[in-house]
Amino acid sequence: MCLFSMQDIWRIDYVNACILSDHKSVYGKGEKMSTFSSLEEAQEYFKGDRFAGMAGAKLDSLSGEEASCSMVLSDIHKNANGGVMGGAIFTLADLAFAVLSNQIHRPTVAQQVSINYLSMPKGDTLYARARVKKNGGRTIVINVDVTDSAGREIAQFIGSGFKL
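Presented here is a report on the structure given in the accompanying data block. Not measured: the values here are computed from a predicted model.

### Considerations on the nonpolar core
Phase 1 of the analysis: Ile89, Leu92, Leu126, Val144 and Val146 are the most contacted members of the largest nonpolar core, which has 35 residues in total.
Phase 2 of the analysis: Contributing elements (two or more residues each) for this core: β1 (57-62), β2 (66-72), α5 (86-104), β4 (125-135), β5 (139-148) and β6 (153-163).
Phase 3 of the analysis: Element by element, the count of residues in this core is highest for α5, at eleven residues.
Phase 4 of the analysis: Sequence-distant contacts of Val146, that is, excluding residues within four places in its chain, are made with Ile89, Leu92, Ala93, Leu126, Tyr127, Ala128, Arg152, Glu153, Ile154 and Ala155.

Structure, rendered in structure tokens:
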């Protein structure tokens, strides 16, 4: 039996992050805590996202308003019906969201995300392109479009992040 709800755990994590970083006394509203100075720095940082890395997701490009990631598909990405698992597609989109949101303000954590699967992938590679929809003082909304190597739209992911 769990004594804490997910909301309680999130609050505890947030309070601990505030105590550890003391960001409220150092950073004013709308100021960036940190951004990546290069693509290589971001790639090194996101090596810590081990699940996405083991799934084959990688960061390809990054700017202040956009991030692009890709995933070469193999048998490990297939479901029982022989198609690409929705979880693989979600993992790629989630990495693109994480990269861009943390490029704008680090640390940022996902608050709510949704994904719509549009088509079954064809080809051997998936691409995720994340773009900022709204960048507020404490929250950010990012749209991620996932396409395949044939240029077809595979999924649309929308993520809301909370800036710690």
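There is more to say after this.
### Examining unusual backbone geometry
Phi is mostly negative for residues that are not glycine, and the peptide bonds are mostly trans.
Phase 1 of the analysis: In this model, Arg106 is joined to Pro107 through a cis peptide bond whose omega is 5°.
Phase 2 of the analysis: Relative to the helices and strands, Pro107 resides in the loop between α5 and β3 (108-117).

### Remarks on the sheet that holds β1
Phase 1 of the analysis: Read from one edge of the open sheet, six strands run β1-β2-β4-β5-β6-β3, paired in antiparallel fashion. Each having just a single partner strand, β1 and β3 make up the two edges of the open sheet. Averaged over all pairs of adjacent strands, the angle between strand axes in this sheet comes to 25°, irrespective of strand direction.
Phase 2 of the analysis: Pairing of β3 with β6 involves nine bridges; the strand directions are antiparallel. By the bridge assignment for β6, Gln112 is matched with Ser160.

The rules we used
Residues numbered from 1 in each chain as written. Predicted model: local features only at pLDDT ≥ 70, side-chain atom pairs only at ≥ 80, totals over all residues. Heavy atoms only, no water. Core = buried A, V, L, I, M, F, W, Y, C linked by side-chain atoms within 4.5 Å. Buried < 20%, exposed > 50% of the residue type's maximum accessible area, 1.4 Å probe, protein only. Helix = DSSP H or I, 4+ residues; strand = E, 2+ residues; numbered from the N terminus. Contact = heavy atoms within 4.5 Å. Pairing = 2+ DSSP bridges. Axes fitted to C-alpha atoms, helices over the stretch in contact; angles between N-to-C directions.

Remember, this is a structural readout, not a statement about activity or role.
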